[in-house]
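Residues per chain are reported as follows:
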Amino acid sequence: MRIIGGKAKGRLFHFDSSSRERPTSDFLRETLFNLLGDIGGKVFVDLFAGSGSVGLEAASRGAKEICFVEKSRKLASFIKKNAETCGLAENCLILMTDVEKGLRNLCAKHYVADIIFADPPYQQGEVQETLKLLDRYRIQKKETIIVVQHSVKEKYDVSSGNFRICDDRKYGDHALTFLTWREENGGEFHQESSHLPGFF
């Protein structure tokens with residue numbers, strides 16, 4: 001696999017071929033970042049990071065800080081190696097834990113993301129659970145964009161929650177759903193503070 005755009009464009013990175021996790025394809029990554037537009041100076045969180053392909057792409061395209069949350073020690077080591085190989089490690093943080101603990105830790109440290117990308121396991125009800133966790137452990141502000149990659153067959157409901165769908169794109173068996181905070185719901189958010197020392 002390779003970095004598609006930005007300062008590390010064309011650099012190859014490695015993925016554990018024995019893993020059951022599926023990396024986000026070059027096509028979906030390119031589509032995602034075309035839709036997001038300029039992410040220069042943004043704080044980017046990559047949940048269920050796997051190989052880290054999406055977060056590394058964000059780093060290459062100018063995100064000022066990227067936080068990867070990945071519970072597998074083996075995959076987390078791949079993210080670290082790939083970040084170093086691609087010359088992107090300086091702005092990368094890796095939390096080797098599950099998404100709930102990762103979000104709880106980030107929330108406790110008043111971490112604030114501009115963009116949150118989540119690629120949970122397909123067809124396991126994780127989309128709904130991830131949105132619940134993001135509502136419980138708020139690392140977003142009102143302007144934050146949340147993107148969930150999921151199967152087009154995945155069933156979930158945002159009508160009773162604090163998010164609204166602002167875009168939904170389908171590509172074969174895959175979907176990219178873009179969400180933002182429901183303005184009318186209000187709610188408390190942390191003051192902006194993105195730096196998270198001591199995590200890697």
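Preceding this paragraph is the structure being described.
Parameters at a glance
- The written sequence of each chain sets the order in which its residues are numbered from 1.
- Note on the predicted model: pLDDT of at least 70 is required for a residue's local features to be given, and 80 or more for side-chain atom pairs to be given and counted; whole-chain, interface and lining totals, by contrast, use all residues.
- With hydrogens and water set aside, each side-chain value is computed from the structure's full complement of heavy atoms.
- The salt bridge definition used is simple: a Lys or Arg side-chain nitrogen within 4 Å of an Asp or Glu carboxyl oxygen.
- The way it works is that DSSP assigns letters per residue, a run of H or I at least four long becomes a helix, a run of E at least two long becomes a strand, and they are numbered from the N terminus.
- With a 1.4 Å probe rolled over the protein chains alone, any residue whose accessible area is under 20% of its type maximum counts as buried; one over 50% counts as exposed, and the rest are partly exposed.
- The rule for pairing is simple: two strands pair if DSSP sees at least two bridges between them.
- In this description, a line fitted to the C-alpha atoms serves as the axis of each element, helices being fitted only across the stretch in contact, and the angle between N-to-C directions of two axes falls anywhere from 0 to 180 degrees.
- Residue contacts follow a heavy-atom distance rule, with two residues in contact if any of their heavy atoms lie within 4.5 Å.
- Handedness of a crossover: with both strands directed away from the viewer, a clockwise path from the first strand across the helix to the second marks it as right-handed.
- Only the six-membered ring of Trp is used, alongside the rings of Phe and Tyr, when aromatic pairs are assigned; centres must lie within 6.5 Å, and planes under 30 degrees apart are stacked while those over 60 apart are edge-to-face, with the rest tilted.

The next point concerns the pattern of salt bridges. Taken as a whole and judged by the stated rule, the model has 10 salt bridges. Its salt-bridge partner being Glu84, residue Lys80 comes within 2.8 Å of it at the nearest N-O pair. Of the two residues, Lys80 and Glu84 both sit in helix H3 (residues 73-85), four residues apart, roughly one turn of that helix. Classification of Lys80 as partly exposed rests on a relative accessible area of 34%. Arg169 is paired through a salt bridge with Asp167; the nearest N and O atoms lie 3.0 Å apart. Owing to a relative accessible area of 26%, Asp167 belongs among the partly exposed residues under this scheme.

Here we take up the sheet that holds strand S1 (residues 43-47). Taken in spatial order, the seven strands of this open sheet run S3-S2-S1-S4-S5-S7-S6, and their pairing is mixed. The open sheet is flanked by strand S3 (92-95) and strand S6 (163-171), the only strands paired with a single partner. Strand-to-strand twist in this sheet, taken as the mean axis angle between neighbours without regard to direction, amounts to 15 degrees. With five bridges connecting them, S1 and strand S2 (residues 65-69) associate as parallel partners. By the bridge assignment for S2, Asp46 is matched with Phe68. Contacts between helix H1 (residues 26-36) and the sheet are confined to S1, strand S4 (113-118), strand S5 (140-151), S6 and strand S7 (174-181), with S7 contributing the most and set at about 30 degrees to the helix.

Glancing now at the pairing of S2. Across the five residues of S2, five count as buried, placing the element largely inside the fold. Crossover handedness for the path S1 to helix H2 (residues 53-60) to S2: right-handed. Here S2 pairs with S3 via four bridges, running parallel. Looking at the pairing, Val69 lines up with Leu95 of S3. Handedness of the crossover is the feature at issue here: the chain leaves S2, passes through H3, returns alongside S3, and the resulting connection is right-handed.

Here we take up the packing of aromatic side chains. Applying the stated criterion to the full structure yields three aromatic pairs. The interplanar angle of 75 degrees and the centroid separation of 5.6 Å between the aromatic rings of Phe27 and Tyr171 together place this pair among those described as edge-to-face. Of the two residues, Phe27 is situated in helix H1 and Tyr171 in strand S6; the sequence distance between them amounts to 144 residues. Ring geometry for Phe163 against Trp181: centres 5.5 Å apart, planes inclined by 90 degrees, an arrangement best described as edge-to-face. Here the residue Phe163 occupies a position in strand S6, and Trp181 occupies one in strand S7, the gap between them amounting to 18 residues. Each of the two residues, Phe163 as well as Trp181, counts as buried.

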